[in-house]
Amino acid sequence: MTTDAPLPVFEQLRLPDTGLTRDAYTYVARATPDFVLHHSVRSYVFARAHARNQGLNAGTDYDDELLFLSCVLHDIGVSEEGNGDQRFEVDGADTAAAFLRERGVEERRIAIAWDAIALHTSEGIAGRKGREVALAQAGIGTDILGIRREDLPPDLANEVHALLPRMDLAYALSDAIVTQAKAKPHKASPMTFPGALLRHHLPYGAHPDWYELVAAAGWGDKPVGGPARRRAETPEQVGSLFMEYLEAGDLEGLMSLYEPNAHFVPTPGTHLVGTASIRKGLQQLIDTGARLKLELRDIRRVDDLALVSNTATLTGIGPEPVISTTTEVLRRQPDGGWAHVVDDPFFI
């Protein structure tokens, strides 16, 4: 497969120019979109820069050809040829190993490339392996997330981007991983990087997070040191638990009644979105000694969604009670309980 045809990028970026590196470059260029090829080569250039910054010399302190191979092949798992039944990093490592084995690369070097590719999304692990593995992850991390980009020589990033445009890499690559995972969900188990990406592209609760897996394990484990809390088994119970937890000053109990990206309007004109801001808003209600009385007006339930309206009487935040009609959207959670998606007592 080795070609003697001109590959200007090798000269322009001073890439290690051997028959094996040319084969790998040509293979990735054929098998993957340009954004993957460009990213893979940039990752090597940034990895090499990090090596120099650490005082490491190619050929003596690390295997430069192997570093290039590890970087240029590291995303072959998102190609059609590399799309097997494992997470894309492992599929890619197996595909790259087969490619190298066909070309007579010794098994010791193949094992290093396999580690570099399989572990390139494993923060805290790749860095503890051999130098080629650690350098490959460093270069890949720089190109994807800008990690340690401040350590690069001046103008290096501009030079390499001029030759190898980004083409919205981070989003394009994420989309490629998610496309595979949607077709083969077993490639993206919840505790993996592909699983974390897939979770953002599925309805809430369709792909569990760590605590949802714990809740579904069947062992009945509870938070250490925290009070045992009841979950809202029905949409109607959300309101009664809210009143109970507010009176008890139980912030974590109140938070259990909201999804992570929920919307909450605790007082007129105050619109809170997400866990951090909702937590602050609920703490303020607790600190003021607020009390709430909810009386169910109506409810509409469709499968795992419910639209609830209560008559709410809030006291303790001013000289006079605040009376309103709530608009609440609730959703059944993976553990079977119900929680707020939207909680707005002042929606008109």
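Residues numbered from 1 in each chain as written. Predicted model: local features only at pLDDT ≥ 70, side-chain atom pairs only at ≥ 80, totals over all residues. Heavy atoms only, no water.

(A) Structural detail: the packing of helix α4 (residues 64-72) against helix α6 (residues 107-118). Their axes nearest at 9 Å, the elements α4 and α6 cross at an angle of 40 degrees. Classified by the interaxial angle, the pair formed by α4 and α6 is oblique. Like other packed secondary-structure pairs, α4 and α6 cross with a definite hand, here right-handed. Two secondary-structure elements touch here, α4 through E65, L66 and S70 and α6 through R109, I112, A113, A116 and I117. Class assignment for the residues of the contact of α4 with α6 results in five nonpolar, one polar and two charged. (Axes fitted to C-alpha atoms, helices over the stretch in contact; angles between N-to-C directions. Helix = DSSP H or I, 4+ residues; strand = E, 2+ residues; numbered from the N terminus. Parallel < 35°, antiparallel > 145°, perpendicular 65-115°, else oblique. Left-handed = near helix turned anticlockwise from the far one by under 90°. Contact = heavy atoms within 4.5 Å. Nonpolar A, V, L, I, M, F, W, Y, C, P; charged D, E, K, R; others polar.)

(B) Broad picture of α6. The first and last C-alpha atoms of α6 sit 16 Å apart over 12 residues, in line with the 16 Å expected at 1.5 Å per residue. On its buried side, α6 packs onto α4, α5 (88-102) and α7 (131-145). (Expected span 1.5 Å × (residues − 1).)

(C) Representation of unusual backbone geometry in the model. Positive phi, normally seen in glycine, also occurs at R14, with a value near 55 degrees. Among the secondary structure elements, R14 is positioned in the loop between α1 (8-12) and α2 (19-31). Phi is positive for M167, close to 55 degrees, though the residue is something other than glycine. Counting through the fold element by element, M167 comes out in the loop between α8 (156-163) and α9 (169-183). Exposure remark for M167: the relative accessible area of 42% places this residue in the partly exposed category. (Buried < 20%, exposed > 50% of the residue type's maximum accessible area, 1.4 Å probe, protein only.)

(D) Just the side chain of H50, in detail. The topology assignment puts H50 in helix α3 (residues 34-53). Judged by relative accessible area, H50 falls into the buried class, the value being 0%. At 2.7 Å, the side chain of H50 and the side chain of T142 are in polar contact. Look past the residues within four positions of H50 in its chain and what remains in contact with it is L135, A138, G139, T142, I147, R148, D151 and L152. (Polar contact = N/O pair within 3.5 Å; in protein donor to acceptor, adjacent residues only side chain to side chain.)

(E) Focus on a nonpolar patch on the surface. Together, M191, W210, Y211 and L213 make up an exposed nonpolar region whose accessible area comes to about 490 Å². Position of Y211 relative to the elements: it lies in helix α11 (residues 210-216). Overall, the relative accessible area of 65% leaves Y211 in the exposed class. (Patch = residues over 30% accessible without salt bridge, like charges linked within 9 Å, V, L, I, M, F, W, Y side chains within 5 Å. Areas by Shrake-Rupley, 256 points an atom, 1.4 Å probe, with all protein chains shown as cover. Salt bridge = Lys/Arg side-chain N within 4 Å of Asp/Glu carboxyl O.)

(F) Region of interest: the packing of α4 against α7. Orientation of α4 relative to α7, taken along the N-to-C sense of each, is 45 degrees, at an axis distance of 9 Å. If you check the angle between α4 and α7, you find them oblique. The interaxial crossing formed by α4 with α7 has right-handed handedness. Residues L66, L67, S70 and C71 of α4 lie in contact with α7, whose contacting residues are E132, L135 and A136.

(G) Region of the structure containing the nonpolar core. Counting 48 residues, the largest nonpolar core has L13, L15, V41, L67, L73 and L100 as its most contacted members. Taken together, the elements giving at least two residues each to this core come down to α1, α2, α3, α4, α5, α6, α7 and α8. With eight residues, α3 is the single largest residue contributor to this core. Those residues in contact with L73 that sit more than four places away from it in its chain are A24, Y27, V28, A96, F99, L100 and I117. (Core = buried A, V, L, I, M, F, W, Y, C linked by side-chain atoms within 4.5 Å.)

(H) Representation of the packing of aromatic side chains. One pass over the structure, following the stated rule, counts seven aromatic pairs. Arranged with centres 5.3 Å apart and planes meeting at 75 degrees, the rings of Y44 and F68 form a pair that is edge-to-face. Pair noted here: Y44 is in helix α3 and F68 is in helix α4, with a separation of 24 residues, a long-range link. A centroid spacing of 6.4 Å and a plane angle of 70 degrees characterise the contact between F242 and Y258, whose relative ring orientation is edge-to-face. (Phe/Tyr/Trp six-rings, centres within 6.5 Å; stacked < 30°, edge-to-face > 60°.)

(I) Region of the structure containing the environment of I76. Looking at where I76 falls in the secondary structure, it is placed in the loop between α4 and α5. We classify I76 as buried; its relative accessible area is 1%. In this structure the C-alpha to C-alpha distance between I76 and M167, which are 91 residues apart in sequence, comes to 18 Å. With near-sequence residues (within four places) excluded, I76 lies in contact with Y27, V28, A31, T32, G82, G92, T95 and A96.

Don't take any of this as a statement about function, it's just geometry.
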